[in-house]
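# Analysis of the macromolecular model
One letter stands for each residue in the lines below.
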Amino acid sequence: MTVDRDDRDAELLRMAVRLALRGHGLVEPNPMVGCVVLDASGRIAGLGHHRRVGGPHAEIEALAAAGERARGGSLLVTLEPCNHQGRTGPCTEAILDSGIARMVYGEPDPNPVAGGGARRLADAGLEVVKRDDLEEVRRLNRPFMHRIRTGRPWVVAKWAQTLDGKITGGAGDGRWISSGLSRRLVHRERGCCDAILTGIGTVLVDDPLLNVRDVPSRRTPLRVVVDARLQIPLSSKLVATAASQPTLVVCDSEVRRSDADLAAQLEARGVTLLDLPATGGELPLRTLCERLSADFGVARVLVEAGARLLGRLFRNGLVDEAWVFVAPRVAGGDSGMPAVAGATEGGLVESLGLRLESIRRRGDDLVLGYGVPSDAGTRP
Ligand SMILES: NC(=O)c1ccc[n+]([C@@H]2O[C@H](COP(=O)([O-])OP(=O)(O)OC[C@H]3O[C@@H](n4cnc5c(N)ncnc54)[C@H](OP(=O)(O)O)[C@@H]3O)[C@@H](O)[C@H]2O)c1
């Protein structure tokens, strides 16, 4: 049976995506990139992925693994090879030196400084193929592309709910909703993101630590609390551990001025304060996201908040991905809090712009993954 060359390219690019994902949590804010090099007869000669910020690019790794076998062969890479001297040399030159005859890439590099790699290689006589039709490739670097386009981090809203859609069991019921296996998955994701965002409601009820536990951590996330009126208790676990784990409290500028003593006490304990002008007590969440990206280098945010902050994030079109853990429990009757409050004007709504992208199982929990479709690139 012969395999169509387009299908074989797609299969190898999907392999490159899986390689790229190994860098999640280590390479951001750079894009995750994976690469496969074939010899002249089409056999796999080298694999590579971008492993850490400042480290060799995926193409360089894969070419090094292939060595002389790359001559006359093909290189398939999830992102257009860079064409500039950054922390590492231009990948285009390494590809030309290796004798590669054909280059297939997934997405164009949106960075104006690094771009132009495909053109450079085509001009040098290589056969160059662009394969931007693969959903897996587009999903891989949605967060990177989104930040370049909007100046905001990629926001993943995560919540655990009962079968009847409640995120709490009822007043005073502080038991976990999801299973230990699900929580492990959340801790792994915490250890791969730059910030964990929550609301003061959750801090006052749960007194969470929002750190990474029981799994290896790839980075230390900044803990961010939306707390317009500076209600966070000095005795809370977040404040108590602020000296050892970065903690940002976001409040109304007016409140910071009027409660200067309290603000100073929080800062003395290691909390960083970010004040923004609130309107009617409401902080501008879009501005907050922009500031997280620009001032704190945040590329990916995991939201672990209650219904009210989740609702406001949805309402402002700021949720890019949602992970919903559905556990086989019921809150029952009128008890418990619905997952998302006031996200829309009311009625049944599909306008959140999310599509079901994955269904996983963690013990008896379902993990539903929703995302903004990659063709929704024009979302403001
Ligand atoms: N199952 C889960 O996955 C999960 C996860 C986290 C929390 N929870 C539960 O959720 C419950 C807390 O829910 P919640 O809705 O009170 O908590 P929350 O969403 O974490 O925090 C709500 C608070 O944040 C404020 N807020 C949100 N957006 C704001 C903005 N743009 N500007 C100013 N203030 C803003 C709200 O102000 P307003 O009063 O003005 O709205 C409210 O005071 C707890 O019982 C907790 O256990 C469950």
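See above for the structure.
Residues numbered from 1 in each chain as written. Predicted model: local features only at pLDDT ≥ 70, side-chain atom pairs only at ≥ 80, totals over all residues. Heavy atoms only, no water.

## Some thoughts on the overall build of the chain
What the chain contains, in helices and strands, is 13 helices and 14 strands. A compact globule built from 380 residues would reach a C-alpha radius of gyration of about 21 Å, and the chain, at 23 Å, matches this within 12%. Along the longest, intermediate and shortest principal axes, the C-alpha atoms of the chain span 65 × 45 × 40 Å. Within the chain, the proportion of its 380 residues that are buried is 49%. Within the chain, counting contacts between residues at least 6 apart in sequence, those at least 24 apart form 75% of the total. As displayed, the chain has an accessible area near 17,500 Å², and 51% of this comes from carbon and sulfur atoms. One finds the centroid of the 50 positive side-chain charges in the chain at a distance of 4 Å from the centroid of its 48 negative side-chain charges. (Helix = DSSP H or I, 4+ residues; strand = E, 2+ residues; numbered from the N terminus. Rg over C-alpha atoms; globule rule 2.2 N^0.38 Å. Buried < 20%, exposed > 50% of the residue type's maximum accessible area, 1.4 Å probe, protein only. Contact = heavy atoms within 4.5 Å. Areas by Shrake-Rupley, 256 points an atom, 1.4 Å probe, with all protein chains shown as cover. Lys, Arg positive; Asp, Glu negative; His and termini not counted. Charge placed at Lys NZ, Arg CZ, Asp CG, Glu CD.)

## Details of the sheet that holds strand β1 (residues 34-38)
Reading across the sheet, the five strands line up as β2-β1-β3-β4-β5 and stay open at both edges, with mixed pairing between neighbours. Only two strands of the sheet have a single neighbouring strand rather than two, namely β2 (44-49) and β5 (127-130). In this sheet, adjacent strand axes meet at a mean angle of 15° when their direction is disregarded. In terms of strand pairing, strand β3 (residues 74-79) meets strand β4 (residues 102-107) through five bridges, oriented parallel. (Pairing = 2+ DSSP bridges. Axes fitted to C-alpha atoms, helices over the stretch in contact; angles between N-to-C directions.)

## Section: the layout of surface pockets
Rolled over the atoms, a probe as big as a water molecule pinpoints where empty space is left. A volume near 1,500 Å³ is recorded for the largest pocket. Taken together, 50 residues line the largest pocket, and the ones lying closest to its centre are Gly-201, Thr-202, Asp-206, Ala-305 and Gly-306. Elements supplying a minimum of two residues to the lining of the largest pocket: β6 (154-161), α7 (180-190), α8 (200-206) and α13 (307-315). Ranked by residues supplied to the lining of the largest pocket, first place goes to α8 with six residues. Here the lining of the largest pocket is built from residues that sort into 21 nonpolar, 14 polar and 15 charged. (1 Å grid on protein atoms, 1.4 Å probe; cavity = no way out; pocket = protein on both sides within 12 Å on 5 of 7 lines; lining within 4 Å. Points joined across faces, edges and corners; volume = space filled by probe spheres on them. Nonpolar A, V, L, I, M, F, W, Y, C, P; charged D, E, K, R; others polar.)

## A few points about the pairing of β1
Where burial is concerned, most of β1 is hidden: five out of the five residues are buried. Of the two faces of β1, the one carrying Gly-34, Val-36 and Leu-38 and the one carrying Cys-35 and Val-37 are both buried. Where β1 lies against β2, five bridges are found, and the strand directions are antiparallel. Within the sheet, the bridge partner assigned to Val-36 lies in β2 and is Leu-47. Hairpin connection from β1 to β2: five residues lie between these consecutive antiparallel strands, with Gly-42 at a positive phi of about 90°.

## Re the packing of aromatic side chains
Taken as a whole and judged by the stated rule, the model has one aromatic pair. In this structure, Arg-360 is placed above the aromatic ring of Trp-323, and the distance from its NZ or CZ to the ring centre is 5.1 Å. (Phe/Tyr/Trp six-rings, centres within 6.5 Å; stacked < 30°, edge-to-face > 60°. Lys NZ or Arg CZ within 6 Å of the ring centre and 35° of its normal.)

## Concerning the site of the ligand
Taken together, 25 residues are adjacent to the ligand, and Thr-202, Asp-206, Leu-283, Arg-308 and Arg-312 come closest. In this structure, Ile-167 approaches the ligand through a main-chain N or O atom, which is 2.9 Å from a nitrogen atom. Contact between the ligand and Gly-306: an oxygen atom at 3.0 Å from a main-chain N or O atom of the residue. Burial of the ligand by the protein amounts to 86% of the accessible area it has alone, namely 920 Å². At a threshold of 2 Å from the grid points, most atoms of the ligand map onto the largest pocket. Of all the secondary structure elements, the ones that give two or more residues to the shell around the ligand are β6, α8 and α13. Among the elements that line the shell around the ligand, the one with the most residues is α8, at five residues. Here the shell around the ligand is built from residues that sort into 13 nonpolar, six polar and six charged. (Near = heavy atom within 4 Å. Polar contact = N/O pair within 3.5 Å; in protein donor to acceptor, adjacent residues only side chain to side chain. Sits in = over half its atoms within 2 Å of the grid points.)

## A closer look at the pattern of salt bridges
Under the criterion given, the structure shown has 28 salt bridges. Across the salt bridge formed by Glu-304 and Arg-190, the nearest N and O atoms sit 2.7 Å from each other. Note that Glu-304 is positioned in the loop between β11 (300-303) and α13 and Arg-190 in helix α7, a separation of 114 residues in sequence. Look at Arg-190 and you get buried, because its relative accessible area is 7%. A single network of salt bridges, built from pairs that share partners, joins Glu-135, Arg-138, Arg-139, Arg-142 and Glu-357. (Salt bridge = Lys/Arg side-chain N within 4 Å of Asp/Glu carboxyl O.)

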